[in-house]
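Inside the fold
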Amino acid sequence: MALERFTEDHEYIRVDGDIAAVGITHHAQEQLGDVVFVEVPEVGRTVKQKEATAVVESVKAASEIYAPVSGVVVEINADLAANPALVNEDAEGKAWFFKLRVADKSELDGLMDRAAYEEFVKRS
Amino acid sequence: MRYLPLEPADRQAMLASIGVPEIDALFDAVPPGKLMKELPNLPRAKGELEVERELMRLAARSVPAGSAPFFIGAGAYRHHVPAAVDHLIQRSEFLTSYTPYQPEISQGTLQVLFEFQTQVAMLTGMEVANASMYDGSTACGEAVLMAHRITRRRKALLAGGLHPHYRSVVETLAHWGGSSVVSLEPDPAGTEDIAARIDADTSCVVVQYPSFYGTIRDLKPIADAAHAKGALLVAVVTEAVALGMLKPPGEMGADIVAAEGQSIGNGLNFGGPYVGLFATREKFVRQMPGRLAGETLDAEGRRGYVLTLSTREQHIRREKATSNICTNSGLCALAFTIHMTLLGEAGLRRLARINHVNAMALADQLAKVRGVEVVTPAYFNEFTIRVAADAQNTIDALAKKGVMGGVPVSRLEPGRSGVRDLIVVAATEINTDEDRAAYVEALQEVL
Amino acid sequence: MAMNTQGRPTTPGASMLDGEVRTFTGNRGLDHEEPLIFERGSLEKTGVDLPEPKAVKPRLGGLERTGAIGLPGLTEPEAMRHYVRLSRKNYAIDSGLYPLGSCTMKHNPRLNEKMARVPGFGDVHPLQPQQTVQGAIALMQMLSGYLLELTGMKAVALSPKAGAHGELCGMIAIKAAHEAAGSKRSVVLVPESAHGTNPATAAFMGYGVRSIPAREDGTVAVEVVRAALGPDVAAIMLTNPNTCGLFEPEVVAIAKAVHEAGAYFYCDGANFNAIVGKVRPGDLGVDAMHINLHKTFSTPHGGGGPGSGPVVFSEALARFAPVPFGIRDGERFRLVEDIGEAERRGLKPFGRLTAFHGQMGMFVRALTYMLSHGADGMRQASEDAVLSANYVRAGLRDLFTQPFGDQPCMHEVLFDDRFLQDTGVTTLDFAKAMIDEGYHPMTVYFPLVVHGAMLIEPTESESKDSLDLFIATLRHLAEAARRGDVERFKQAPRLAPRRRLDETRAAREPKLRWQPDPARRQAAE
């Protein structure tokens, strides 16, 4: 069973062993509107927590996607570049952006679980 | 006042409707003592006739280019512009519209920009072009910044044939933006070894084609050398008509072309407004500055155009924008595209041939004058001569005789040795046999 | 992820596909469908008759172009029709009220155009010997004099090509001044409501941006600025009047606090048109300000430029202004183009921003406007602009919602979208419905700090009747939205040359130029 956590910047991270998939939440894609372009990092790049790691662009906004935790990029979602609309169709499923080998699992402790995130969205 | 439709009675009624006694009540937020009662040092309103009279008096103190045998180029060229161009750009719907942010009622401007982008891409031999920049020099500056973004390097290498003003613009941007520039010495004959100066930190090599001195050199070896070191080639063109005859930079491996489009459709205007052309490869399009028009469909499935990829721009990305540029040069781009459409391929090619033939004729005639040497081996419509005198004095003396003989290099390279006897001379389709004869005669007298 | 977005739909809904009128040609009366020149012209055709030059061996160093360029040509009658038809698909100031806030779509006098084309101004080369361009330089000097008088500043750089270029000019001068004083500063203060060019400019210069929040009434409080100031702050970039259309009441105190902290005050002069002849930025403590000649002084916007953005400087920054600049040399005028010469005069120019001397064509137009209006007319123009914006405010205040309460505005009035709450109509829908009523929409979704912003700038160029009809139209639309007449908004515009355009499609598969044929394009990819 994967562990799921959320950031205040609307990223989700789904941890399975040492590997974690990162994407943007369903709520975030709704706010962005039609996604038209996605830029993913290079495999092998080491990122720190909160480092800008990918870019998502809709017609009206370009946003950085920050790494929820530190780690090394081990895989990227090649489908997204060809089909950015996938972010709108299945943000929290097929449209993950990149996978990290998590460096320090304790960083996950500062993130929200789903209930807390949903509460956060309602409040903001 | 003929431009202000409100009458005194209207103003009173409007103040009453707003609920304030007098206009200055609306300026209440102005700190005490800072609201002025009048502007004592400026004259009062004038009628059209008086304004015209006053400005015509000023204008009469200049010698228009069209009134003399005229051979000045160096980044701005006097060409004949068809009457239809100036008429069309003064159509209210083009002249008095804003940036096409509401595409449904801006299809005119948007389609024009789409056509302009296509023409510029074709002319430069590149894949995509933007909807224009301020002018050639700022386009050149932006090209360097774009190369820095793409290569993640911070050093530009400027060829010695780059227009000195362009070089100065790049150096200014680099100095205050925190990157570095290596500028090579003036290179009138185009013989410098640029490739040897490219290193692992070089983001781009900037080469003007034809050069400031008029020289034409093959860009291919420079592009290959740049690419071998992971750098880009930025080709700068200040005389767009040259591309009607010359192999385009895109065919020689240029990654970005930054050009001045004034030559086509636009007058001299003492330096502006002009129109910067900016073209690149498709893979770099998201790093390109400036506006872009793109094709799409409307709700009824009809073809239409919108500004697109605007997330690169400052109004959305703010401090993460690719550039701080907001305005482009829409009306000058319109003049460019109309003139280009009137010329067409056949007209442009013929115009280019006339320019080249006129330049060759002038060069041959000047070469026969005692004390004159043509130093440019291959050129289009502009070349450099060395005179057996101070170039600035020579040009001033020619001007006294009513001939505008070119630009002394020392005006743009003050204090630099080795260029004090060089003059950059341009010939276009406006020059007649009589103009050339007058130049030769005056030069013989001056030297 | 950082989101910077507004609830603006970018694809037309399916419900928009009714109510078409089909014609055989696709034309709709005066509105003609016009193909691209690439679909109409040919490579052989030309609208310019040129003599064939004699055939000689070229001296191009063997670099002749070989293949076709692909440029189509049209004869003059065909070209006229192409561009006239296209022009008719554009809205323009000359055809209707153009209330784009912060863009200042005022009347563009035609005398300006005429004067810009006088050969002594329009047909002179920037590198002609200076003794042959005395009239042109004199005009630049005269314009400089007017700008300094109107702003109460000490020096002017005419060369910046547009507002954003002017901003860069002003901010570099500030950086140069700090550098000359040996002071290292890394931060620029920018209010949240600023134009996007402000943070973009600061970032280019390597400055970090410290955002300044506005208070409840939409203006900046001096205490907030004071709290944000520190030895690391190089400057504040403040727009005054601000982007919400309000004059900053504490601007003098802010300037004082900024100066006490050793920083400079950059004023974004985009809204100078509200206060020309009424308030001089120099009296407020401004150190540098760009002036958009294409907004304040009526040079045409031309479908997106050319602009012109001269920058005025205070005493403290004057010596850092870039080359070139004009001087009076006895009876003659001269342009100082060389940094070395300027330094010999005791100045310290930061460099050069553009080739040549700036947007001369715009200088002529702006000066023509100034001479035409005179001191009294320019002051009246500012007052009328402010009066008209407040009149629109008064006419709409009971139906529309103002984000900062009902208070006097300057030359533009800002509404938010609370009055549309629960109607199902968005700011964008409302704007598009205005198109069907024959109006260009106001600026929408700017400033970003206000939800669903609508920024209306009527300018001084409208008659009272014109303003009355505009107000009545907006009231009618607001009432229709509240009544639940949602379809007319969702469908809008129905009467423009195009219905809503699919921006998503344009951005997902960018088509940025015409291509000969799709098969070849695919092969190339």
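Keep in mind that what you see is a predicted model, and the values were worked out from it rather than measured. (Residues numbered from 1 in each chain as written. Chains lettered and ligands numbered in written order. Predicted model: local features only at pLDDT ≥ 70, side-chain atom pairs only at ≥ 80, totals over all residues. Heavy atoms only, no water.)

Core analysis: the largest hydrophobic core is formed by 133 residues, its most contacted members being Phe297, Met370, Phe400 and Phe430 of chain C. Counting residues per element, this core draws most heavily on helix H14 (residues 360–396) of chain C, at 19 residues. Setting aside chain neighbours within four positions, we find Phe400 of chain C in contact with Phe415, Phe419, Phe430, Met454, Leu474 and Ala478 of chain C. Ala131, Ile222 and Ala223 of chain B together with Trp514 of chain C belong to the second-largest nonpolar core, a separate cluster that totals 83 residues. (Core = buried A, V, L, I, M, F, W, Y, C linked by side-chain atoms within 4.5 Å. Buried < 20%, exposed > 50% of the residue type's maximum accessible area, 1.4 Å probe, protein only. Helix = DSSP H or I, 4+ residues; strand = E, 2+ residues; numbered from the N terminus. Contact = heavy atoms within 4.5 Å.)

Taken together, the 192 residues of chain B in the interface contact 217 residues of chain C. Of the roughly 17,700 Å² buried between chain B and chain C, counting both surfaces, carbon and sulfur atoms make up 63%. Counting the surface chain B buries against chain C, the share from its top three residues, Glu104, Trp176 and Phe270 of chain B, is 6%. The interface formed by chain B and chain C includes 16 salt bridges. (Buried area = accessible area lost by both parts, 1.4 Å probe. Salt bridge = Lys/Arg side-chain N within 4 Å of Asp/Glu carboxyl O.)

Our focus in this paragraph is the environment of Arg397 of chain C. If you trace the backbone, Arg397 of chain C turns up in the loop between H14 and strand S10 (413–415). Placed 78 residues apart in sequence, Arg397 of chain C and Arg475 of chain C show a C-alpha to C-alpha distance of 10.0 Å. Beyond its immediate stretch of four places on either side in the chain, Arg397 of chain C contacts Ser17 and Ile18 of chain B together with Gln402 and Asp406 of chain C. There is a polar contact of 3.2 Å between the side chain of Arg397 of chain C and the backbone oxygen of Ile18 of chain B. A distance of 3.1 Å separates a polar atom in the side chain of Arg397 of chain C from a polar atom in the side chain of Asp406 of chain C. (Polar contact = N/O pair within 3.5 Å; in protein donor to acceptor, adjacent residues only side chain to side chain.)

What follows deals with helix H16 (residues 464–483) of chain C. Here H16 of chain C is 20 residues long and its end C-alpha atoms lie 28 Å apart, about the 28 Å a rise of 1.5 Å per residue gives. Along H16 of chain C, the positions that sit buried rather than exposed are Lys464, Ser466, Leu467, Phe470, Ile471, Thr473, Leu474, Leu477, Ala478, Ala480 and Ala481 of chain C. Buried residues belonging to H16 of chain C abut helix H1 (8–18) of chain B together with H14, helix H15 (427–436), strand S12 (454–456) and helix H17 (487–491) of chain C. Phi for Gly484 of chain C, located one or two positions after H16 of chain C, is positive at around 95°. (Expected span 1.5 Å × (residues − 1).)

Residue and element names in this part refer to chain A. The strand order across the open sheet built from three strands is S4-S6-S7, with neighbouring strands paired in antiparallel fashion. Two strands close off the open sheet at either side, each with one partner strand: strand S4 (35–39) and strand S7 (62–66). Pairs of neighbouring strands in the sheet enclose a mean axial angle of 25°, with direction left out of account. Strand direction decides the pairing type here: S4 and strand S6 (residues 52–58), joined by four bridges, are antiparallel. Across the sheet, residue Val38 finds its bridge partner in S6, namely Val56. (Pairing = 2+ DSSP bridges. Axes fitted to C-alpha atoms, helices over the stretch in contact; angles between N-to-C directions.)

Moving on, we get to the packing of helix H11 (residues 391–400) of chain B against helix H13 (residues 433–446) of chain B. Residue and element names in this part refer to chain B. Two elements in contact, H11 and H13, have axes separated by 10 Å at closest approach and are oriented at 125°. Compared by their axis directions, H11 and H13 come out oblique. Here H11 and H13 pass one another in a crossing that is right-handed. Residues Thr394, Ala397 and Leu398 of H11 touch H13, and the partners they reach there are Tyr439, Ala442, Leu443 and Val446. (Parallel < 35°, antiparallel > 145°, perpendicular 65-115°, else oblique. Left-handed = near helix turned anticlockwise from the far one by under 90°.)

Right, let's get into the sheet that holds strand S4 (residues 233–239) of chain C. Residue and element names in this part refer to chain C. A sheet is described by the order of its strands in space; here seven strands give the open sequence S1-S7-S6-S5-S4-S2-S3, paired in mixed fashion. Looking along the sheet, the strands with just one partner apiece sit at the ends: strand S1 (155–157) and strand S3 (208–212). Neighbour-to-neighbour, the strand axes of the sheet open up by a mean angle of 20°, direction not taken into account. The pairing of strand S5 (residues 264–268) with strand S6 (residues 288–290) spans two bridges and is classified as parallel. Directly across from Tyr266, in S6, lies its bridge partner Ala288. Across the face of the sheet, helix H9 (residues 251–260) comes into contact with S4 and S5 while running at roughly 140° to S5.

Keep in mind that low pLDDT regions are not for reading the predicted coordinates in detail. Of all residues in chain C, 95% have pLDDT values of 70 or greater, and the mean over the chain is 94. Interface confidence for the predicted complex, given as ipTM, is 0.97, next to a pTM of 0.95. (pLDDT = per-residue confidence, 0-100.)

Before going further, it helps to spend a moment on the pairing of S7 of chain A. In the case of a regular strand, side chains alternate between the two sheet surfaces. All names here are of chain A. For S7, the buried fraction is high: five of the five residues fall into the buried class. With burial as the criterion, each face of S7 is covered, one bearing Ala62, Glu64 and Tyr66 and the other bearing Ser63 and Ile65. Note that S6 and S7 share five bridges and pair antiparallel. Across the sheet, Ala54 pairs through a bridge with Ile65, a residue of S7.

With that out of the way, let us pick up the packing of aromatic side chains. In the structure shown here, the tally under the stated rule is 18 aromatic pairs over all chains. Where Phe38 of chain C meets Trp514 of chain C, the ring centres are 5.1 Å apart and the plane angle is 10°; that geometry is what we call stacked. Taken as a pair, Phe38 of chain C in helix H1 (residues 37–40) and Trp514 of chain C in the loop between helix H18 (503–508) and helix H19 (518–524) lie far apart in primary sequence, 476 residues in all. On the basis of an interplanar angle of 15° and a centroid distance of 6.0 Å, the ring pair of Phe430 of chain C and Phe489 of chain C is categorised as stacked. Here Phe430 of chain C is found in helix H15, whereas its partner Phe489 of chain C is found in helix H17, with 59 residues between them in sequence. Of the two residues, Phe430 of chain C and Phe489 of chain C, both sit in the buried class. Counting every residue linked through ring pairs, the aromatic cluster contains Phe400, Phe415, Phe419, Phe430 and Phe489 of chain C. We note Lys175 of chain C situated over the ring of Tyr207 of chain C; from NZ or CZ to the ring centre the distance is 5.5 Å. If you follow Lys278 of chain C out to its NZ or CZ, it ends over the ring of Phe27 of chain B, 4.8 Å from the centre. (Phe/Tyr/Trp six-rings, centres within 6.5 Å; stacked < 30°, edge-to-face > 60°. Lys NZ or Arg CZ within 6 Å of the ring centre and 35° of its normal.)

Of note, Thr138 of chain B is situated in helix H6 (residues 136–151). Once residues lying within four places of it in the same chain are set aside, the contact partners of Thr138 of chain B are His165, Leu353 and Thr354 of chain C.

Attention shifts here to the pattern of salt bridges. Evaluated as defined, the whole model comprises 71 salt bridges over all chains. Among the ionic pairs, Arg303 of chain B bridges to Glu39 of chain C, the shortest N-O distance being 2.8 Å. Here Arg303 of chain B is found in strand S9 (residues 303–307), whereas its partner Glu39 of chain C is found in helix H1 on a different chain. Among the charged side chains, a network of salt bridges with common partners joins Glu4, Arg14, Glu92, Arg114 and Glu118 of chain A.

So, on to the domain arrangement of chain C. Residue and element names in this part refer to chain C. For chain C, the domain assignment lists domain 1 (111–368) and domain 2 (377–508). Between the C-alpha centres of domain 1 and domain 2 the distance comes to 31 Å. With 24 residues of domain 1 at the interface, the matching set in domain 2 holds 18 residues. Both faces considered, domain 1 and domain 2 share a buried interface measuring about 1,600 Å² in area, 63% of it formed by carbon and sulfur atoms. A salt bridge links Lys278 to Glu383; its shortest N-O distance comes to 2.7 Å. Counting every contact that joins domain 1 to domain 2 gives eight residue pairs in polar contact (both at pLDDT 80 or more). Among the residues making up the side of domain 1 that touches domain 2, the classes are represented as eleven nonpolar, nine polar and four charged. (Domains from an automatic or database assignment. Nonpolar A, V, L, I, M, F, W, Y, C, P; charged D, E, K, R; others polar.)

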